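Observations on the model geometry
Listed here are the chains, written in short residue letters.
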Amino acid sequence: MNALFVICGLGIISLIAEIANFRKWLISIIVLGLLGAAALVVADWNTAVAYYHDMLVFDNFSLAFTGLIIGSSLLWFWTASDFFEALFHKTDKSALILFAIAGGVLMTSFNNMAMLFLGIEILSISLYVLAGSRKEDLGSNEAAFKYFLMGSFATGFLLFGITLVYGATGTFQINTIANYVLTHAGELPSFFYAGALLMLIGLAFKISAVPFHFWAPDVYEGSPTAVTGFMSTVVKIAAIASFFKIFATCFSTIAPVWYTILLVIMVLTLVIANITAVYQNSVKRMLAYSSVGHVGYILLAFLADHKESDGTIFFYLAAYAVSSLAAFGALILVGGKEENTLVERFNGLFKRNPIVAVGLTIALLSLAGIPPLPGFFGKYLVFAMAINNGMIPYVIVAIVTSLIGVYYYFRVIIAMYFKDAVAEPLKVSTSKEVLIVVLILITLALGIFPDFLIQLL
Amino acid sequence: MQHYLISLLIFTPLVAACICLFLPKKFEKAFRAVALIVNVQQILWLLPMLVGFRASGMFQFVERSNWITLNLGSWGVLKAEYLVGVDGMSLPLVALSVFVLLIATISSWSIQKNVKGYFVLLLILNAAVIGSFVALDFLLFYLFFEFMLLPMFFLIAIWGGPRREYASIKFLLYTLLGSILILVVMIGLYTSVSDPVASQGGLLVHSFNLLHMMEPMNFISNTILDPNNPWQIGWFNARYWAFLLLFIGFAIKLPMVPLHTWLPDAHVEAPTPVSVILAAILLKIGGYGLLRIAYPIFPEAAMHFGMFVGIMGVLSIIYGALNAMASKDLKRLIAYSSVSHMGFVLLGAASVTEEGIAGAVYQMVSHGIISAMLFLIAGVLYDRTHDRIIDHYSGLSSKMQNFTALVLVGFFASMGLPGFSGFIAEVMVFLGSFRSNATNGVLHESLAVIATSGLILSAAYYLWTLQRMFFGPFHLKANIESDAIVDLTSREYVMLVPLAIAALCFGIFPQPMLDMIDPFAKYLTALVIDHGKAITLNP
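In this report, we go over the structure that sits alongside the text. (Residues numbered from 1 in each chain as written. Chains lettered and ligands numbered in written order. Predicted model: local features only at pLDDT ≥ 70, side-chain atom pairs only at ≥ 80, totals over all residues. Heavy atoms only, no water.)

Here we take up the packing of helix 5 (residues 90-109) of chain A against helix 6 (residues 113-131) of chain A. Residue and element names in this part refer to chain A. The interhelical angle for the contact between helix 5 and helix 6, taken along N-to-C directions, is 155°, at an axis separation of 8 Å. Judged by the angle between their axes, helix 5 and helix 6 are roughly antiparallel. For the crossing formed where helix 5 meets helix 6, the hand is left-handed. When helix 5 is examined against helix 6, the residues Lys-93, Leu-96, Ile-97, Phe-99, Ala-100, Gly-103, Gly-104, Leu-106 and Met-107 are found in contact with a partner set consisting of Met-115, Leu-116, Gly-119, Ile-120, Ile-122, Leu-123, Ser-126, Val-129 and Leu-130. Of the residues in the contact of helix 5 with helix 6, the class split is 13 nonpolar, 4 polar and 1 charged. (Axes fitted to C-alpha atoms, helices over the stretch in contact; angles between N-to-C directions. Helix = DSSP H or I, 4+ residues; strand = E, 2+ residues; numbered from the N terminus. Parallel < 35°, antiparallel > 145°, perpendicular 65-115°, else oblique. Left-handed = near helix turned anticlockwise from the far one by under 90°. Contact = heavy atoms within 4.5 Å. Nonpolar A, V, L, I, M, F, W, Y, C, P; charged D, E, K, R; others polar.)

A few words on the interface of chain B and chain A. Counting from both sides, the interface comprises 38 residues of chain B and, opposite them, 33 residues of chain A. The contact between chain B and chain A buries some 3300 Å² in all, and 79% of this surface belongs to carbon and sulfur atoms. Of all residues in chain B, the largest losses of buried area upon contact with chain A belong to Leu-70, Trp-75 and Ile-187 of chain B, amounting jointly to 18% of the total for that side. The tally of links from chain B across to chain A stands at 0 salt bridges. Between the two partners, chain B and chain A, sit 2 residue pairs in polar contact (both at pLDDT 80 or more). For the side of chain B that touches chain A, the secondary structure elements donating two or more residues are strand 1 (60-71), helix 5 (138-159) and helix 6 (164-192) of chain B. Broken down by element, the side of chain B that touches chain A gets its largest block of residues, 14 residues, from helix 6 of chain B. (Buried area = accessible area lost by both parts, 1.4 Å probe. Salt bridge = Lys/Arg side-chain N within 4 Å of Asp/Glu carboxyl O. Polar contact = N/O pair within 3.5 Å; in protein donor to acceptor, adjacent residues only side chain to side chain.)

Take the pattern of salt bridges next. Note that side chains of opposite charge can pair when their charged atoms are close. Enumeration according to the criterion identifies 18 salt bridges over all chains in this entry. The residue Glu-142 of chain A makes a salt bridge to Lys-146 of chain A at a minimum N-O spacing of 3.4 Å. With Glu-142 of chain A and Lys-146 of chain A both in helix 7 (residues 138-169) and 4 residues apart, this pair spans about one turn of that helix. Exposure remark for Glu-142 of chain A: the relative accessible area of 43% places this residue in the partly exposed category. A salt bridge links Arg-239 of chain B to Glu-300 of chain B; the nearest nitrogen and oxygen atoms lie 2.7 Å apart. Of this pair, Arg-239 of chain B sits in helix 8 (residues 238-253) while Glu-300 of chain B sits in helix 11 (residues 299-304), placing them 61 residues apart in sequence. Relative accessible area serves as the criterion here: at 4%, Glu-300 of chain B is assigned to the buried category. (Buried < 20%, exposed > 50% of the residue type's maximum accessible area, 1.4 Å probe, protein only.)

Residues and elements named next belong to chain B. Reading across the sheet, the 3 strands line up as 1-2-3 and stay open at both edges, with mixed pairing between neighbours. The open sheet has two edge strands, strand 1 and strand 3 (205-207), and neither has a second partner. For this sheet, the mean angle separating the axes of adjacent strands, direction not counted, is 25°. Its contacts with the sheet put helix 1 (residues 5-22) on strand 1 and strand 2 (77-86), and the angle it makes with strand 2 is roughly 100°. (Pairing = 2+ DSSP bridges.)

Okay, the pairing of strand 2 of chain B next. All names here are of chain B. Most of strand 2 sits inside the fold, with 10 of its 10 residues counted as buried. Neither face of strand 2 is exposed, since Val-77, Lys-79, Glu-81, Leu-83 and Gly-85 on one face and Leu-78, Ala-80, Tyr-82, Val-84 and Val-86 on the opposite face are all buried. When strand 2 meets strand 3, the two strands line up parallel, connected through 3 bridges. Looking at strand 3, one finds that Val-77 is bridged to Val-205.

Right, let's get into helix 1 of chain B. All names here are of chain B. In this model, helix 1 (18 residues) spans 26 Å end to end at C-alpha, consistent with the 26 Å of a helix rising 1.5 Å per residue. At Phe-11, helix 1 shows its largest kink, close to 30°, and the proline Pro-13 lies no more than four residues downstream. What helix 1 keeps buried is the set Leu-5, Ile-6, Ser-7, Leu-9, Ile-10, Thr-12, Pro-13, Ala-16, Ala-17 and Cys-20. Close packing links the buried residues of helix 1 with helix 2 (28-52), strand 1, strand 2, helix 3 (90-107), helix 4 (115-134) and helix 5. (Expected span 1.5 Å × (residues − 1). Bend = angle between axes of the 7 residues up to and from the residue.)

A separate point is the environment of Ser-431 of chain A. Residue and element names in this part refer to chain A. Here Ser-431 is to be found in helix 19 (residues 430-448). According to the relative accessible area criterion, Ser-431 is partly exposed, its value standing at 36%. Once the C-alpha coordinates of Ser-431 and Trp-78 are considered, the two residues, 353 residues apart in sequence, prove to be 8.5 Å apart.

Here it is as structure tokens:
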């Protein structure tokens, strides 16, 4: 909870930075504040305190995901520092980002459907604006508009679902709903199930699972690369945490109702996202489809054992977030001012700047799931869990799609190492070089010693 | 010190690779020096192991520490260990790797392009190779096994010949497919095997320890790979499938016909030192994996599919040899001869007799030495003329006497002429496969008889090559400068002569190494036959 106060406070400080004229120090203040928030999360560990009549609960699950969100945001601020420098309205953008993070923290810690809705809205509205922050760019405008329309539509589904569930059970508290479902099994009205399924659809939009993913590629491609990086890491972590929380606690007892639907969604997500990614010419769009595809693996773990999969999902997301941040960081550097991320742009990158090339290579290899990188352990745990629960055919599908994944990730790697350079050597600031080394070290550490992180949950 | 020899062998090259990363690019000599120092140091650490090794079926120089322990709630504890050790099969292969890597480093002196990157990758490859030969924990093995792939991919992809892009991607996709199949079995084994020591007291500890997996008692009842399981998938029991997946996974690496097509392409495009490592060490991991993992863990499947494995071995021997005979490119010829010779490893393993298995291990070491020599020979010629087409040369012996002498040694050794290491290995494989029907009834005698024709074919293609390239009047194709044809340089002597001596030594004095391998062969044979007969699968 204290971390949430700090993040909201930072957002307000950002807003007044323009008036009080300390813009220059703003990023340093934010980074220090986020470090403080991370420390508060560590201090709160193992406490599980409820706030505001049980509307928010900061148990270890929430704290772990909050910590992951804050950690990813810190690394993200480092990768995206140019985003704040290059365009105007620096303070607005940092305030929006901070409020989005606050929304994300609410989404991991809600104990009440109203709080879930608030969190999702705080996060989404900030992002609608951020997606359109390249005002002169048609793509960016399209992204913002599309995201706004699709997002509000999904929120509508979610809200309608919440009202139906409320109508059936008379409460917003997820624990109370879970108890009510348990005690009133067999006498629940059918609109309760409809509500649960509407919420499933609304949240599937937010985690961008197929067939509710159509917004993702266009929004990811149109938004400024830095914002895309934010969406595919911080936002994704928060969305999946809320999805897990709702379906593992609230609707756990009515699993037969949503199980088959989610199974179909999972298979579609794995197959369609990974196959479509093969045909993309823009690396950014390819990463967008790959991030949709990764949701499929997370859903596989969730379906294998929805109560005990939190550790696996947490590790998978952490591995995915670090690798994605590294990939988007490299994308920002290579794309340059015009944000051109076609595959050809990566030709001969190894000759133009070996550090960026090696960093991007390791990130892509981790996303592809090659050992000893963390992506491999994430996939390994997911597959082991699924095999243990007798989901062998689905594991085979997942293995085939991850082989397809290797193919499209390697297209970028091939371009970097085999093709002749098209441009001058790529100059990168020392801070970015240090960042790449740090990200490589975190990736390797997560891959070789995965148990520290998984053990948390 | 004695207790950490294996870790030193693995981690020295990794540390050296990190040091190299921080050296500025222009110190080309420094990278060569670091790589050389690492190789020499590895030999110094290997010597006490060779001296201190006691011939027995046990693992020695074992190091063990916890690596990953995860409590996964209701479905037990995931436990992976850093568990390494050597026995009579892995120690000769580790020694071979260290020796060949030293020669490959010397051979890498001629690399001019991006020296830093090259040596860093070579050092990482070095660590991964040693690691996969000594790992006794499946997860650890898999980690090293996969990690070998990437340095190799980049070594072919960046420093390779004109069609390097095609060759490296083909190599990557083939071997990645193989490792995915192995991964599936690894997950299956992980869910099925428990650690008998740590699992006491109601706690279920899933283990990756290969030694635990070899013991049928440790399988948890009603799991997918439990010997008493009722799981029938398609035509076979789940355990048969698991064996087949492992077999295909390792056979791609070996490589076995018809999964061999990546090998000639990779060899033709790879620079000489990379070819040497690929042929001499990486192919061995396929054979090693079969004997270390597939055979002891699924003995009943190994017996059941023995005839199939033997037939694939014979097919590789004959088909590889015929392809070699038809090859126009010297390096492609040698690559196909590798396919042919690795067929003997399959045949020897399939026989499940002491002679056969010892012969298979001996063949791996012997082929490692000989193929390294042959690829260096091809490299010598390529360095001078940038042309490897056999028809473009004639009568080379008149200009390159000493080179021709070493070529003769290499070709004769590979042919399996008595007095060279290949002969010992192949004779043992023949003995084993011939005796198999009488002792355990796995193979039919006719397989051994057909396989002998591989010897005749290899004599044919080597002698024909000798006759075409080295004898007769001196003549070159028009666009090759005849001034370029000069005899060996001192660096080339340093590389070729020790290999020739090694091939001879192991041909004339096979006893020391056989003493090392024999307890392992006895142990494995007994284990596969005893367990194979004890396990009767349900359907």
